[in-house]
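Residue-level structure breakdown
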Amino acid sequence: MEGYTPGEQPVAGDRIVKLNTNENPFPPSPKVLEAIRGISADALRRYPNPTADQFRLAASKVLGITTDMILAGNGSDDILTIATRTFVPPGGSIAFPEPTYSLYPVLSQLEEARSISVEWGKDFSLPIETLLATKANAIYLANPNAPTGTFVPPAKVAELAKAFTSVILVDEAYADFAEDNCLALVNDHPNVVISRTLSKAYSLAGLRFGYAVAQPQVISEMMKVKDSYNTDAVSIIAATAAIEDQQYATGIWERIRTERKRLTSELTRLGWSVLPSRANFVLATVPGGQGRQAYLGLKQHGILVRYFDKPGLTDKVRITVGTADENDALLNAIKSLFRSEKVA
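The present account deals with the structure reproduced in this document. Just so it is clear, the model here is predicted, and its values are computed rather than measured. (Residues numbered from 1 in each chain as written. Predicted model: local features only at pLDDT ≥ 70, side-chain atom pairs only at ≥ 80, totals over all residues. Heavy atoms only, no water.)

**Details of the overall build of the chain**
Looking only at helices and strands, the chain features 13 helices and 12 strands. Over its C-alpha trace the chain gives a radius of gyration of 20 Å, about what one expects of a compact globule, namely 20 Å for 344 residues. Counting only C-alpha atoms, the chain reaches 65 × 55 × 35 Å along its principal axes. Residues counted as buried form 54% of the 344 residues belonging to the chain. Here the analysis covers contacts within the chain between residues at least 6 apart in sequence; of these, 73% occur between residues at least 24 apart. For the chain, the exposed area adds up to about 15,500 Å²; of that, 51% sits on carbon and sulfur atoms. (Helix = DSSP H or I, 4+ residues; strand = E, 2+ residues; numbered from the N terminus. Rg over C-alpha atoms; globule rule 2.2 N^0.38 Å. Buried < 20%, exposed > 50% of the residue type's maximum accessible area, 1.4 Å probe, protein only. Contact = heavy atoms within 4.5 Å. Areas by Shrake-Rupley, 256 points an atom, 1.4 Å probe, with all protein chains shown as cover.)

Next up, the structure:
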């Protein structure tokens, strides 16, 4: 098998504008750092609460749900692993629209299951009939999708959930940068599981903390297969402080949406084609189909973007929305790079 390939990480000390792994360009809430500094020696000496109840209580208040509808994990990748263990038997299958998060087929292989990829509908609409025809044990739907940033309206996901007899996992790693989400579907659809992470929206990619939301009887089944202590004392305390500080978080999300709009406009003005994004990144088609050349050229300018050497993506690069200064550096590098090519 081939494992998941993470985005490139620069060497410590390198002066790099890092726009390749969709990290939040702004720091976490000051309350997070304050909470980490206040951790006691006993909290580190002892095992953590096995179900991260401190976080579950805080999240339940923010989300307006009960604590027994929440499962905490070591990042949303852990949540996806737990879901696959719970819902997909050996010899079973996971279906998903392609392109999407490339971890999904890896998870199916680890579970000795099949992955069934189907094409997105027109303009990246949800291919409901095609997904239903797979008769899979689970459907995984990244929404907003990676690497496209496109968004499926909750009403369409509800339509799929109503017709599908097995589990639909809605991977909402980027949902906080969109104007809507599928959280409310959990109340009416016992086969819907929401997966979220604090890596993107809460600037905690280095901490590793995520969570699932589903009806209590579903969470109870997922609890059976998680690792004994899958979240640690530091991450529980920090994640709790982060999700409690909604005023700080929502302010950051709005700044990223504003920069996303500006970045899309500027790239379009330069002749790039940009898909409408509801995430903290954009997928842009490079003029002349020079996706790899743009990736390598920007890297020489000290700017990392993500290039996928896969069918349908070779003429594109995925660009994380950075700060205004980072985005300006990117745009200036693009102008310099393509001006040099025209002269050559």
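This is not the end of the story, as more comes after the structure.
**Here we look at the sheet that holds strand 2 (residues 70-73)**
Taken together, 7 strands build an open sheet; the order of strands is 2-8-7-6-5-3-4 and the sheet is mixed. Both edges of this open sheet fall to strand 2 and strand 4 (114-119), since each of them pairs with a single strand only. Mean inter-strand twist for the sheet, computed between neighbouring axes without regard to direction, equals 25°. Across 4 bridges, the pairing between strand 6 (residues 167-171) and strand 7 (residues 192-197) is parallel. Bridged to Asp171 within strand 7 is Ser195. Strands strand 5 (138-142), strand 6 and strand 7 of the sheet are contacted by helix 7 (residues 154-163), whose axis makes an angle of about 160° with strand 6. (Pairing = 2+ DSSP bridges. Axes fitted to C-alpha atoms, helices over the stretch in contact; angles between N-to-C directions.)

**Section: the nonpolar core**
Core analysis: the largest hydrophobic core is formed by 86 residues, its most contacted members being Leu267, Trp272 and Ile319. Setting aside its immediate chain neighbours within four residues, Trp272 contacts Leu267, Ala284, Thr285, Val286, Pro287, Ala294, Val317, Ile319, Ile334 and Phe338. Counting 26 residues, the second-largest nonpolar core is a separate cluster that includes Ile82, Leu107, Ala138 and Val167. (Core = buried A, V, L, I, M, F, W, Y, C linked by side-chain atoms within 4.5 Å.)

**A word on the pairing of strand 10 (residues 281-285)**
Most of strand 10 sits out of view: 4 of its 5 residues are buried. Taken together, strand 9 (residues 273-274) and the strand that follows it, strand 10, pair antiparallel across an intervening segment of 6 residues. Relative to strand 12 (residues 316-320), strand 10 runs antiparallel, the two sharing 5 bridges. The partner of Thr285 across the bridge, within strand 12, is Lys316.

**Points about helix 9 (residues 216-223)**
All buried positions along helix 9 are accounted for by Val218, Ile219 and Met222. Across the axial projection of helix 9, the buried residues extend over an arc of 100°, all falling on one side. Those residues of helix 9 that are buried are in contact with strand 2, helix 4 (75-87), strand 7 and strand 8 (210-213). (Arc of directions from axis to C-beta.)

**Observations concerning the packing of aromatic side chains**
Using the criterion set out here, one finds 12 aromatic pairs in the structure. Ring centres of Tyr202 and Trp253 lie 5.6 Å apart, and the angle between their planes is 85°; on these two criteria the pair is classed as edge-to-face. With Tyr202 in the loop between strand 7 and strand 8 and Trp253 in helix 11 (residues 246-269), this residue pair connects regions lying 51 residues apart in the sequence. Taken individually, Tyr202 and Trp253 each receive the classification buried, so the pair is uniform in this respect. Pairing Trp272 with Phe338 gives two aromatic rings, centres 5.7 Å apart and planes at 75°, and the pair type is edge-to-face. On the criterion of sequence distance, the pair formed by Trp272 in the loop between helix 11 and strand 9 and Phe338 in helix 13 (residues 324-343) is long-range, its members being 66 residues apart. Each member of the pair Trp272 and Phe338 is classed as buried. The structure contains a cluster of three or more aromatic residues connected by ring pairs, namely Tyr4, Phe96, Tyr101, Tyr104 and Tyr140. (Phe/Tyr/Trp six-rings, centres within 6.5 Å; stacked < 30°, edge-to-face > 60°.)

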